[in-house]
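# Breakdown of the fold
The chain contents come next:
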Amino acid sequence: MLYIINILLALVVLALGYQVISKMVKGNRLRNKLIKWTTEQGFLLSAVESWRGKSSIGLDPKNNIIALLNEDKGKAKFDLIDLEEIRVCRAIKVYNGGADEESIEGPLRKIMIELHYLDETRQHTIEVYDMKKQPKLSNEWSLAQQWTERINRSILIG
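Residues numbered from 1 in each chain as written. Predicted model: local features only at pLDDT ≥ 70, side-chain atom pairs only at ≥ 80, totals over all residues. Heavy atoms only, no water.

### As for the pattern of salt bridges
- A complete count under the given rule lists seven salt bridges for this structure.
- Between Lys33 and Glu71 there is a salt bridge, and its shortest N-O distance comes to 2.5 Å. Note that Lys33 is positioned in helix H1 (residues 2–40) and Glu71 in strand E3 (residues 65–72), a separation of 38 residues in sequence.
- Relative accessible area serves as the criterion here: at 12%, Glu71 is assigned to the buried category.
- Here Arg122 ties to Glu85 by a salt bridge, and the two come within 3.4 Å at their closest N and O atoms. Taken together, the positions of Arg122 in the loop between strand E6 (108–117) and strand E7 (123–130) and Glu85 in the loop between strand E4 (75–82) and strand E5 (86–95) put the pair 37 residues apart, joining distant regions of the chain.
- A cluster of three or more residues bridged by salt bridges with shared partners is formed by Arg29, Lys33 and Glu71. (Salt bridge = Lys/Arg side-chain N within 4 Å of Asp/Glu carboxyl O. Helix = DSSP H or I, 4+ residues; strand = E, 2+ residues; numbered from the N terminus. Buried < 20%, exposed > 50% of the residue type's maximum accessible area, 1.4 Å probe, protein only.)

### A few points about the environment of His116
- Positionally, His116 belongs in strand E6.
- His116 sits in the buried class, given a relative accessible area of 12%.
- In sequence terms His116 and Ile86 are 30 residues apart; their C-alpha atoms lie 5.7 Å from each other.
- In terms of polar contacts, His116 uses its side chain to reach the side chain of Glu114, at 3.1 Å. (Polar contact = N/O pair within 3.5 Å; in protein donor to acceptor, adjacent residues only side chain to side chain.)

### Things to note about the side chain of Thr38
- Following the sequence through the fold, Thr38 ends up in helix H1.
- In this structure Thr38 touches Phe43, Leu45, Ala67 and Leu80, once residues within four positions along its chain are discounted. (Contact = heavy atoms within 4.5 Å.)

### Quick notes on the nonpolar core
- Among the nonpolar cores identified, the biggest contains 26 residues, and Ile66, Ile113, Trp147 and Ile151 are the most heavily contacted of them.
- Breaking this core down by element, the ones donating at least two residues are strand E1 (47–51), strand E2 (55–60), E3, E5, E6, E7 and helix H2 (140–157).
- Ranked by residues supplied to this core, first place goes to H2 with six residues.
- When residues no more than four places from it in sequence are discounted, the contact partners of Trp147 are Ala47, Val48, Glu49, Ile57, Gly58, Leu59, Ile66 and Ile113.
- Ranked by size, the runner-up nonpolar core spans six residues in total, among them Leu30, Leu34, Trp37 and Leu45. (Core = buried A, V, L, I, M, F, W, Y, C linked by side-chain atoms within 4.5 Å.)

Written out as structure tokens, the structure reads:
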């Protein structure tokens, strides 16, 4: 009986280890893909991060540029955002009750990074978490806050 329990425990540990390694490989692949693309565009990223195995963000502080990569169904979408055009950046939590950091009604539905342009008619939203796509939340709120701070620092310095 003890032998069977040890085998089951080993299988669980192997399955969890596989998931962790798989996420790391996907994240590294996305980061490398974004770094390669931005280098081809003439930029050099000093900070790069990926999440959910589908998105990656990077910062080129010298040129004050944010680079984004989103992959959906094998198709990659790259984007460059000039921080000289951004007025402010905010991390946003959206609950079933709406987008309000003060009122928490229902489960957390989305986490986003909002970039508000100097031209107030423009706005760019970076989706960090969507409950419909991935019901389990990990460190997305922390990631959104860190990148919001990093972007706002770059806006002030730039």
